[in-house]
Amino acid sequence: ETLARIVEHAGGNAFFLEELIRAEADGRGAEVPGTVLAMVRTRLENMENDARRLLRAASVLGASFWRAGVEALLGAAPKSPDVVGWLAELVEREVFVRREQSRFAGEEEYAFRHAIVREAAYAMLTDDDKRLGHRLGAEWLVKAGERDAAALARHFELGGEPVRAASFYLRAAEQGLEGNDLEAALVCVERGLACSPAGEVRGLFHLIAAEAYRFKGEPSREQTSALEAMELLPRGDTRWCIAAGQAAIASGKLGDRERLESVAGE
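Every chain's residues receive numbers from 1 upward, in the order its sequence appears when written. Two thresholds apply to this predicted model, a pLDDT of at least 70 for residue-level local features and 80 or more for giving and counting side-chain atom pairs, whereas whole-chain, interface and lining totals are computed over all residues. As a rule here, side-chain values cover all heavy atoms of the structure and leave hydrogens and water aside.

## Focus: the environment of leucine 152
Counted only if it meets this: Where helices and strands are cited, they refer to DSSP runs of H or I of at least four residues and of E of at least two residues respectively, numbered from the N terminus.
Structurally, leucine 152 can be placed in helix 9 (residues 149-158). Once the C-alpha coordinates of leucine 152 and glutamate 18 are considered, the two residues, 134 residues apart in sequence, prove to be 34 Å apart.

## Considerations on the nonpolar core
This is how it is decided: We call a set of buried residues a nonpolar core when its members are Ala, Val, Leu, Ile, Met, Phe, Trp, Tyr or Cys and they connect through side-chain atoms within 4.5 Å of each other. In this scheme, a residue with accessible area under 20% of its type's maximum is buried, one over 50% is exposed, and one in between is partly exposed, where area comes from a 1.4 Å probe on protein chains only. For this analysis, residues touch if any pair of their heavy atoms sits within 4.5 Å.
Core analysis: the largest hydrophobic core is formed by 41 residues, its most contacted members being Tyr169, Val189, Phe205 and Met230. Excluding residues that lie within four positions of it along the chain, valine 189 makes contacts with Ala173, Phe205, Ile208 and Ala209. Residues Leu54, Leu55, Leu61 and Met124 belong to the second largest nonpolar core, which totals 28 residues.

## A short note on the packing of helix 14 (residues 238-254) against helix 15 (residues 257-265)
Rule in force here: Under this scheme, a helix contributes an axis fitted over its contacting stretch, all axes are lines through C-alpha atoms, and angles between N-to-C directions fall in the 0 to 180 degree range. An angle below 35 degrees is read as roughly parallel, one above 145 as roughly antiparallel, one from 65 to 115 as roughly perpendicular, and any other as oblique. Handedness of a crossing is defined here by the sense of rotation of the near helix relative to the far one, left-handed for an anticlockwise turn of less than a right angle and right-handed for a clockwise turn. Under the scheme applied, nonpolar residues are Ala, Val, Leu, Ile, Met, Phe, Trp, Tyr, Cys and Pro; charged residues are Asp, Glu, Lys and Arg; polar residues are all the others, including Gly.
Following both chains from N to C, one finds helix 14 and helix 15 inclined at 160 degrees, their axes separated by 8 Å at the closest point. As the angle between them shows, helix 14 and helix 15 are arranged roughly antiparallel. By crossing handedness, the relation of helix 14 to helix 15 is classed as left-handed. In this structure, helix 14 contributes Ala244, Ala247, Ala248, Ser251 and Gly252 to the contact, and helix 15 contributes Arg259, Leu260 and Val263. Class assignment for the residues of the contact of helix 14 with helix 15 results in 5 nonpolar, 2 polar and 1 charged.

## A closer look at the packing of aromatic side chains
The geometry of an aromatic ring pair is captured by two quantities: the separation of the ring centres and the angle between the planes. Here is the rule: Aromatic contacts are taken between Phe, Tyr and Trp rings whose centres are within 6.5 Å, Trp giving its six-membered ring; a plane angle under 30 degrees counts as stacked, one over 60 as edge-to-face, and the others as tilted. Sitting over a ring, as applied to charges here, requires NZ of Lys or CZ of Arg to be within 6 Å of the ring centre and within 35 degrees of the ring normal.
Evaluation of the coordinates by the stated rule reveals 8 aromatic pairs. On the numbers, 5.1 Å between centres and 90 degrees between planes, the contact of phenylalanine 96 with phenylalanine 112 is edge-to-face. Taken together, the residues phenylalanine 96 in strand 2 (residues 96-98) and phenylalanine 112 in strand 3 (residues 109-112) connect sequence positions 16 residues apart. For the pair phenylalanine 96 and phenylalanine 112, one class covers both residues: buried. Site record: aromatic cluster; members linked through ring pairs are Phe65, Phe96, Tyr110 and Phe112. Between the NZ or CZ atom of arginine 214 and the centre of the ring of phenylalanine 215, over which it lies, the distance is 4.6 Å.

## Describing helix 4 (residues 49-61)
Applicable threshold: To estimate how far a helix should extend, the number of its residues minus one is multiplied by 1.5 Å.
Between its terminal C-alpha atoms helix 4 stretches 19 Å, which fits the 18 Å expected from 13 residues at 1.5 Å a residue. Two residues or fewer past helix 4, glycine 62 is found with a positive phi of approximately 130 degrees.

Spatial relationships are all this shows, so hold off on functional conclusions.
Encoded structure:
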């Protein structure tokens, strides 16, 4: 009867099946919530306070995280016995897995065994805690040597640091352009501009957009972005000249003689 109920409730979802079995083994079979997320949240709420704090801190860093990063978010000392102990305990409980190799040299890397667990833990944070956590997480990742500029930008943005977020979105857009990932570059441009950068930084976003649109074969958008960059970048600066060149080329492609003459005159 128990097996039939578990199989029926699992509905073919392997993770749901695993959680139902675990709940039954813990003596909570009759209290299992009706959805996976609710189930996982109930499981987390039944954990010890220190375990929940660690889970919430880890969830801010993402699906993968590092012991030192969690310590930074919790304000704990390096190699804190409490953090080390709870990490080992949660690995034993099959909440986390420890990676054999870490992206950062000398740092212990872990991961949530299931993405839904991370989502449930993150949902338990207040908005203020999320902002603080992302800000602290971003600072730690920078010191650790994180090279994913888009990830850093997102952490700073969620941490309420739009100026720093914009600088990393700019770097990420440049990386996308250099790697010929034009869509990624344009997404980073859009997100960077949404951070409301001013002056030269804003002009650089438009310059990257102009080049991306040139490679995509969209001269109308290339022209618009290049003209925006010319308005914002220091006149006569090398990058201003590049923007002017792109505006002129795009105008020629569009047969926009009036604009071409105007740019050539400038």
